[in-house]
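# A structural walkthrough
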Amino acid sequence: MGYPLLWIAAAMAAGGVALLRLSWGRPKRSPTLNAAGWAALALAMIFGWSDSGAWGSSVTALVAMAAAGLALGLAGAQARPGKAPASNARVRMLPEGSEPRRLLGRSLTFLLVIVAGLFISIGLAVVVRGLAHAAGWGEANANAFALLMMPFLWAVLAYAILIQPRRKVQWAILLGSAAPVLLVLATGALR
Amino acid sequence: MTQAPSLSLVKRALSAHAAIGLLGGALLYLVCLTGTIVVFYEEFHRIEQQDAPEMAEVDPGAVQRAVEAVLASEAGQTPTTHLYVHIPVADLPRTTITTDTQAVHVDRDGTIAAPEENGWSEFLLALHYTLNLPVLIGITIVGILGVMILALALSGVVAHPRIFRDAFRLRTRSKGGVALADWHNRLSVWTLPFSVAVALTGSIIGLATVTGYGMAAHYYDGDIEALYAPIFGGEAEADPAPAGIPNVAAALRHMQTAYAAVEPTYVIVHDPGTAGQHIQIVAEHSRRLIFGEYYAFDAEGNFEGTAGMADGAIGQQAAASTYNLHFGNYGGLPVKIAYFLFGLALTAICATGTYIWLGKRRRRGLNEPRLLAAWDGVVWGVPIALTATFLARLAMGNGAPFTATFWLLGFAIVIANILLANRYRTRRPLQAAFLLAVIASVAIAL
């Protein structure tokens, strides 16, 4: 059997999921089993990487997810009928009863998160690229890193804005994020 | 000290989660579903045109004859700017030449066999990449949807403080929305690495153009090619003066002797028939995430160097890895099947999210049959419309109007469902129609 390290990684990935299943299925949590499960998963990723870099880690992660899927399927098949009530928590996406529609407010939230978020994230990518290059990174690394970071930064920005209940705080987050962009664009710095 | 997020944060994260999910709604579902199906892009090629010549490998001399034949067939027309030769590989064992104006399959001996007919596969890919919109607009919207999935993953994790404790709790036989919520949450948790990987890579691919414009404007005087050149290599200077046919065979033979361990997948001839022409060979490296390495040759087939996708700067290797990591074509059929199943899970997560929201509203006394019918129409109408386009391909051939069929039928199903909402529950008939369409497709295709 070729590639023994990858097979060990796959076995540890499946074993790690099994240990977590065992631990989390107990009435009381077992710190030892928990640690063993997480350690097995971490070692699996390390072995996968040692075998064949990012490819090995990706394949190992697929094995872990497949193992979890199997465990989940078993849990679903063995589930008993229950009478626990489902949540009916409000998320305030639509007005209820005689509440105002707040169309203007909702549209403004959309504009802040999507339109302003897009432009600020592109601007942040410009800043990231400039900082990386100024720190001594080569052009390829700096350009690629900025392209890779842009969607990640936008997702974090969108989340940070949307969890704020007050509009003033949302504006503050947006302006705070835009400040380094405006500084770089206005001064032509980092070129 | 407690590590659990405060109740207020959980509530706000749940609101943010719902806001993003409902805003993206149908488009998120459509992109996830098409992405799941397009994993089998190469296999659909083979189903669409089953009589195309197939071969495990092709002789460099045959490729040379085919290139010469294709260029000769375009004599007198506007010269093609690029010519691509698809080299047979395990997933798609066909030799196919594509220019700016045509695509043809090639036989083992290098003769042109038949035009390529893969209209449905290309439609499916375009639907996933650009929603059938103009490229820049469409790919940017799809990139934004990728960002939304990332934000959904983040807010979803924060909104569920018992995310690990309940990780294997799947109450499939509970009623009143409990089972639905469990399916949504458990699938989300266990496919999180997959979801984040495909969303991040998809948003990188989708937003690279607009981000690239911004970066190029600041650092490269608006020259976007100069931005990408350090990563993927630059284009050589064009020289439109006429020249002979490039020696593709020599380049391929060099690969066979000097790089026997890698597998060529494409030959790209830039500006063929001009003095500025040059050759690139893309070759896959075994057990790597990168889509391949570019091997550069001059027009005579003399090796000039590589671009560095495989062993250059880490940024080059990372950028070259985004495509395979997104589309799941880095480990043959087992990885494709895994991507298909996890993709189905992500699609189900999108579908169940809105059902959970509607269920919560119903339990608070807000019965909204039209909203529910609209979402039923999306969840079942999209796969029905997609299957209808595939049936159209089988029945009408490569020229069937895929885009019109998909969007008109999809919208018609949603609207009809809304109109019927107060009289009938149409979910079961829609499910039955989808099942019948799939059975018919499989029966006809095989």
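Treat the numbers as computed from the prediction; the structure is a model and nothing was measured.

The next thing to look at is the overall build of chain A. The helix and strand tally for chain A stands at five helices and zero strands. Helices and strands appear in chain A in the N-to-C order α-α-α-α-α. Here the C-alpha atoms of chain A give a radius of gyration of 24 Å, more than 25% beyond the 16 Å that 2.2 N^0.38 yields for 191 residues. Projected onto its principal axes, the C-alpha coordinates of chain A cover approximately 60 × 60 × 25 Å. In chain A, which comprises 191 residues, the share counted as buried stands at 42%. Within chain A, contacts between residues at least 6 apart in sequence are counted, and of these 58% link residues at least 24 apart. Summing over all exposed atoms, chain A offers an accessible surface of approximately 10,200 Å²; the carbon and sulfur share of this is 71%. Within chain A, the 4 negative side-chain charges are centred at a point lying 13 Å from the centre of the 16 positive side-chain charges.

In this section: the interface of chain B and chain A. Interface extent is often summarised as the accessible area lost during association of the parts. With 76 residues of chain B at the contact, the number on the chain A side is 74 residues. Taken over both partners, the interface formed by chain B and chain A buries close to 6,400 Å², and the fraction arising from carbon and sulfur atoms is 72%. Of all residues in chain B, Phe168(B), His218(B) and Arg287(B) give up the largest surface area on contact with chain A, accounting jointly for 15% of the area buried on that side. Connecting chain B to chain A are one salt bridge. Here Asp51(A) and Arg287(B) are joined by a salt bridge, their closest N and O atoms 2.3 Å apart. The tally of links from chain B across to chain A stands at 19 residue pairs in polar contact (both at pLDDT 80 or more). Only helix H1 (7-37), helix H5 (135-159), helix H6 (178-190), helix H7 (192-219), helix H8 (224-232), helix H10 (314-327) and helix H11 (332-363) of chain B provide two or more residues apiece to the side of chain B that touches chain A. When residues in the side of chain B that touches chain A are grouped by element, the largest group, 14 residues, is from H7(B). The residue makeup of the side of chain B that touches chain A, split by class, is 49 nonpolar, 15 polar and 12 charged.

Okay, H6(B) next. Over its 13 residues, H6(B) extends 18 Å from the first C-alpha to the last, a length consistent with the 18 Å expected when each residue adds 1.5 Å. If you check which residues of H6(B) are buried, you get Val178(B), Ala179(B), Asp182(B), His184(B), Asn185(B), Arg186(B), Leu187(B), Val189(B) and Trp190(B).

With domains assigned, chain A is organised as domain 1 (4-75) and domain 2 (103-187). Placing the centre of domain 1 of chain A and that of domain 2 of chain A at their C-alpha centroids yields a distance of 35 Å.

Moving on, we get to the UniProt feature "transmembrane region" (unreviewed entry) in chain B. All names here are of chain B. The feature "transmembrane region" (unreviewed entry), as annotated in UniProt, sits at residues 20-41, 135-159, 189-210, 337-359, 371-392 and 404-422 in this numbering. End C-alpha to end C-alpha, residues 135-159 measures 35 Å, and it is 100% helix and 0% strand. Between the C-alpha atoms that bound residues 337-359 there is a distance of 32 Å. The span itself is 100% helix and 0% strand.

A word on the pattern of salt bridges. Residues and elements named next belong to chain B. Per the counting criterion, the structure on display carries 14 salt bridges over all chains. Here Lys 336 ties to Asp 91 by a salt bridge, and the two come within 3.4 Å at their closest N and O atoms. Here Lys 336, found in helix H11, pairs with Asp 91, found in the loop between strand E1 (82-86) and strand E2 (95-98); they are 245 residues apart in sequence, far enough to count as distant. Take Asp 91: its relative accessible area is 24%, and that puts it in the partly exposed class. The shortest N-O distance in the salt bridge between Asp 166 and Arg 162 comes to 2.9 Å. Several salt bridges converge on common partners, so that one network encompasses Glu 42, Glu 43, Asp 91 and Lys 336.

Thresholds, definitions, all that
Residues numbered from 1 in each chain as written. Chains lettered and ligands numbered in written order. Predicted model: local features only at pLDDT ≥ 70, side-chain atom pairs only at ≥ 80, totals over all residues. Heavy atoms only, no water. Helix = DSSP H or I, 4+ residues; strand = E, 2+ residues; numbered from the N terminus. Rg over C-alpha atoms; globule rule 2.2 N^0.38 Å. Buried < 20%, exposed > 50% of the residue type's maximum accessible area, 1.4 Å probe, protein only. Contact = heavy atoms within 4.5 Å. Areas by Shrake-Rupley, 256 points an atom, 1.4 Å probe, with all protein chains shown as cover. Lys, Arg positive; Asp, Glu negative; His and termini not counted. Charge placed at Lys NZ, Arg CZ, Asp CG, Glu CD. Buried area = accessible area lost by both parts, 1.4 Å probe. Salt bridge = Lys/Arg side-chain N within 4 Å of Asp/Glu carboxyl O. Polar contact = N/O pair within 3.5 Å; in protein donor to acceptor, adjacent residues only side chain to side chain. Nonpolar A, V, L, I, M, F, W, Y, C, P; charged D, E, K, R; others polar. Expected span 1.5 Å × (residues − 1). Domains from an automatic or database assignment. UniProt positions renumbered as here; feature names shortened; annotations may be inferred.

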